[in-house]
Amino acid sequence: MKKIFWLTTLVCLISCQKKVNQNAKSFLESIDKVKLYSYPSRIMWDTVNGKSNERIKFEKGTLIFDKAKVIDSLILTDEQRNKIFNILLDTKWENKGMQAACYEPRHLFSFYKENKIVGYYEVCLECGGWDCNKELDSLPMFCIEKGEVMKEIFKSFKLKYIEEQH
């Protein structure tokens, strides 16, 4: 009886995981356009009453942040978009990727359907931290290793601002 219980539990966990990831994948596949923003650490300048906004504000289809701080932005081509989606959907680092605690995000993807923003994904490439809209919560974890790959991809995109120069 115990074997049946554990086998059923394992099957449910695996099938649920695939379904959750499929929801995020379906959301990404429905996107018409992706815009990539780069900026200095948002935690340093995105404040209210002197306190940092840890999460970017996304209300009624609008991303609310000071766009004057944006150093570079670009609309991704289909090829660029596919490279980014492949990283976001990559599961090889699940449960073994590294993360640190800094969370100083410098890159934001905004996702569009019919010229309306329907979602976002913000990342800190250095620590592997991320924030996103609820439809993308089921994506595999972001991590430092994915951040390193993304840095190289951003260089190939000729993005002007990728990381702090120390």
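Residues numbered from 1 in each chain as written. Predicted model: local features only at pLDDT ≥ 70, side-chain atom pairs only at ≥ 80, totals over all residues. Heavy atoms only, no water.

Visitor: What exactly am I supposed to notice about helix α4 (residues 144–156) here?
Guide: In an α-helix, one turn spans 3.6 residues; hence positions three or four apart end up facing the same way. Helix length check: α4, at 13 residues, gives a terminal C-alpha distance of 19 Å against a target of 18 Å (1.5 Å per residue), a fit within 8%. What α4 keeps buried is the set Ile-144, Glu-145, Lys-146, Gly-147, Met-150, Lys-151, Ile-153 and Phe-154. Taken together, the buried residues of α4 touch β1 (33–38), α3 (78–89), β7 (107–113) and β8 (116–124). Immediately downstream of α4, the backbone of Lys-158 shows phi near 65 degrees, a positive value. (Helix = DSSP H or I, 4+ residues; strand = E, 2+ residues; numbered from the N terminus. Expected span 1.5 Å × (residues − 1). Buried < 20%, exposed > 50% of the residue type's maximum accessible area, 1.4 Å probe, protein only. Contact = heavy atoms within 4.5 Å.)

Visitor: For this particular structure, what's the right way to read the packing of α3 against α4?
Guide: Relative orientation and spacing of two packed helices are given, respectively, by the angle between their axes and the distance between those axes. Where α3 contacts α4, the axes come no closer than 11 Å and their chain directions differ by 175 degrees. By the angle between their directions, the pair α3 and α4 is classed as roughly antiparallel. Across from Lys-83, Ile-84, Ile-87 and Leu-88 in α3, the residues of α4 making contact are Lys-146, Val-149, Met-150, Ile-153, Phe-154 and Ser-156. Here the contact of α3 with α4 is built from residues that sort into 7 nonpolar, 1 polar and 2 charged. (Axes fitted to C-alpha atoms, helices over the stretch in contact; angles between N-to-C directions. Parallel < 35°, antiparallel > 145°, perpendicular 65-115°, else oblique. Nonpolar A, V, L, I, M, F, W, Y, C, P; charged D, E, K, R; others polar.)

Visitor: Just checking my understanding: could you explain the nonpolar core for this structure?
Guide: Burial of nonpolar side chains together is a common tendency in soluble globular proteins. Counting 27 residues, the largest nonpolar core has Ile-84, Phe-109, Phe-111, Tyr-121, Leu-136, Met-150 and Phe-154 as its most contacted members. Elements represented by at least two residues in this core include exactly α1 (2–29), β1, α3, β7, β8 and α4. Among the elements that make up this core, the one with the highest residue count is α3 (4 residues). Excluding residues within four positions of it along the chain, Phe-154 makes contact with Leu-36, Ile-84, His-107, Phe-109, Leu-125, Leu-159 and Ile-162. Tyr-37, Trp-45, Leu-63 and Phe-65 belong to the second largest nonpolar core, which has 11 residues in total. (Core = buried A, V, L, I, M, F, W, Y, C linked by side-chain atoms within 4.5 Å.)

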